[in-house]
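Chains, contacts and geometry: an overview
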Amino acid sequence: MSENQVAVKKQSEITDQVFNKVQQLQDAGSLVLPKTYVAGNALKSAQLILAETKDKAGKLATEVCTKESVANCLLDMVKMGLEPSKKQCYFVIYGDKLQLMTSYFGKLAIAKRVADLEEVKAFVIYDGDEFEMEFNLDDLTMQLKTYKPNPLNVNLDKITGAFAIPIFKDGTRGDLVYMSYQQIKNSWNQGYAKGNSGAHKNFTDEMCKKTIITRVCKMLINSSDDGDLVDTYGAAEEEVPVQQEQKEMTASKEFVDVPFVAEETPVEVLVTKEVAPKECPI
């Protein structure tokens, strides 16, 4: 049996046990998933991805990661209703732990579910554009006062900031969210590429929009009843490649200690009514 076949077999065993646990939680009414989200399909996609996920030494995730961390990672993925095949989440190896990281697409998908978000309108501001925002004392919200962009001002070297406005399914608008270009670059510095990837250099305007949209989604998710759905070490404001160079770190997030016997955009609301106790085996 080849190394890849062994990895697939190990991951299949873990995936099957997680799937059984998900079914138990659903039957008990402890976990309610979006109607269009098929946990089995997401887990199978994750299984195939994890069978090829390696750390910086070239070792497979199934070799270096504890079964408990892999199981909890997959369970977190299902609880958040994320689909790895749609790049809504990534699996990253930290030492002997597997960590789930929510991508830009994942945060947008969650915001649409938990905050009734329809879309986020994002705009890049260039030097010379007329832009003013104002604070409304009546409802304590930040609103757009003036925005007059000039196509002649479009220059990637003269971006001064970006702003975004969430539009909800009932047609209402949320607060204006603004970030200066320095704030945007500070956010990029939290990512693995430090804002120096080809996408950041060649499509700076689009990356600025992704960053401001991500901030809007985070605010909506964190202010909802499902704010705890977003993982502690979610991707910064940029995409995290599955095969990126792994960083050694000790994750502060608690991993459920699950015993094992055997040796990788829905729109409905995802609700978790209770969290499975730590001693509850998968």
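Just so we're clear, the structure is a prediction, and the values are computed from it rather than from any experiment.

**Describing the sheet that holds strand β8 (residues 177-180)**
- If you trace the three strands from one edge of the open sheet to the other, you get β4-β7-β8, paired in antiparallel fashion. Strands at the two margins of the open sheet, each flanked by one partner only, are β4 (117-126) and β8. Each strand of the sheet is rotated relative to its neighbour by a mean of 15°, with strand direction disregarded.
- Sheet contacts for helix α6 (residues 181-188): β7 (159-168) and β8; angle to β8, the most-contacted strand, approximately 80°.

**What to know about the environment of E63**
- When you line up the elements, E63 lands in helix α3 (residues 61-64).
- We classify E63 as partly exposed; its relative accessible area is 44%.
- Sequence separation between E63 and D96 is 33 residues; the distance between their C-alpha atoms is 9.0 Å.

**Quick word on helix α8 (residues 204-222)**
- The terminal C-alpha atoms of α8, which comprises 19 residues, lie 27 Å apart, in line with the 27 Å expected from a rise of 1.5 Å per residue.
- All of the buried residues in α8 are T204, M207, C208, K210, T211, I212, I213, T214, V216, C217, L220 and I221.

**Let's talk about helix α5 (residues 104-114)**
- Burial analysis of α5 places nine of its 11 residues in the buried class, which makes it a mostly covered element.
- Within the span of α5, buried status applies to Y104, G106, K107, L108, A109, I110, A111, R113 and V114.
- For α5, the secondary structure elements touched by its buried residues are β3 (97-102), β4 and α8.
- If you check the start of α5, you find a side-chain oxygen 3.3 Å away from the backbone N of F105, and it comes from S103.
- Just downstream of α5, D116 is the residue with a positive phi angle, here 55°.

**Things to note about the confidence of the model for the protein chain**
- This prediction gives the protein chain a mean pLDDT of 80; 77% of its residues lie at or above 70.
- Looking at the elements of the protein chain, mean pLDDT is at its lowest for strand β9 (residues 271-272), recorded as 34, and at its highest for β8, recorded as 98.
- Confidence drops under a pLDDT of 50 for residues 231-282, and excluding neighbours within four residues, the segment shows 160 contacts in the predicted structure.

**Description of the pairing of strand β5 (residues 130-136)**
- In the sheet, β5 pairs with strand β6 (residues 141-148) via seven bridges, with the strands oriented antiparallel. Each bridged residue has a counterpart across the sheet, and for F131 the counterpart in β6 is Y147.
- Taking the residues between adjacent antiparallel strands as the criterion, β5 and β6 are bridged by four residues, where L140 takes a positive phi near 55°.

**A short note on the packing of α5 against α8**
- Running from N to C, α5 and α8 cross one another at 40°; their axes reach a closest spacing of 9 Å. One finds that α5 runs oblique with respect to α8. Viewed along their axes, α5 and α8 form a crossing whose handedness is left-handed. Of α8, the residues touching α5 (which contributes Y104, K107, L108, I110, A111 and V114) are K210, I213, T214, C217, K218 and I221.
- Grouping the constituent residues of the contact of α5 with α8 by class yields eight nonpolar, one polar and three charged.

**Observations concerning the pattern of salt bridges**
- According to the stated counting rule, one finds four salt bridges in the structure shown.
- For E119, the salt bridge identified is with K121, shortest N-O distance 3.6 Å.
- For K121, a relative accessible area of 38% translates into the label partly exposed.
- The salt bridge involving K209 is made with E206; its shortest N-O contact spans 3.7 Å. Taken together, the positions of K209 and E206, both in helix α8 and three residues apart, correspond to about one turn of that helix.
- When its relative accessible area of 39% is taken as the criterion, E206 is described as partly exposed.

**Some details on the packing of helix α2 (residues 39-50) against helix α4 (residues 67-79)**
- Two elements in contact, α2 and α4, have axes separated by 10 Å at closest approach and are oriented at 140°. When the interaxial angle is binned, α2 and α4 end up oblique. Of the two possible hands of crossing, α2 and α4 adopt the one that is right-handed. Residues A39, A42, L43, A46 and L50 of α2 form the contact with α4, whose participating residues are V70, L74, M77 and V78.
- Per-class residue counts for the contact of α2 with α4 are nine nonpolar, no polar and no charged.

**Notes on the packing of aromatic side chains**
- Inspection of the entire model under this criterion finds eight aromatic pairs.
- Ring geometry for Y104 against F105: centres 5.2 Å apart, planes inclined by 75°, an arrangement best described as edge-to-face.
- Of the residues examined, Y104 reaches a relative accessible area of 15% and is grouped as buried.
- On the basis of relative accessible area, F105 is assigned to the partly exposed category, the value being 39%.
- Seen in terms of ring centroids, F131 and F163 are 5.0 Å apart; in terms of plane orientation they differ by 25°. Their pairing is stacked. Placement of the pair is F131 in strand β5 and F163 in strand β7, with a sequence separation of 32 residues. By the burial criterion, F131 is buried, and F163 matches it.

Conventions and cut-offs
- Residues numbered from 1 in each chain as written.
- Predicted model: local features only at pLDDT ≥ 70, side-chain atom pairs only at ≥ 80, totals over all residues.
- Heavy atoms only, no water.
- Pairing = 2+ DSSP bridges.
- Helix = DSSP H or I, 4+ residues; strand = E, 2+ residues; numbered from the N terminus.
- Axes fitted to C-alpha atoms, helices over the stretch in contact; angles between N-to-C directions.
- Contact = heavy atoms within 4.5 Å.
- Buried < 20%, exposed > 50% of the residue type's maximum accessible area, 1.4 Å probe, protein only.
- Expected span 1.5 Å × (residues − 1).
- Polar contact = N/O pair within 3.5 Å; in protein donor to acceptor, adjacent residues only side chain to side chain.
- pLDDT = per-residue confidence, 0-100.
- Parallel < 35°, antiparallel > 145°, perpendicular 65-115°, else oblique.
- Left-handed = near helix turned anticlockwise from the far one by under 90°.
- Nonpolar A, V, L, I, M, F, W, Y, C, P; charged D, E, K, R; others polar.
- Salt bridge = Lys/Arg side-chain N within 4 Å of Asp/Glu carboxyl O.
- Phe/Tyr/Trp six-rings, centres within 6.5 Å; stacked < 30°, edge-to-face > 60°.

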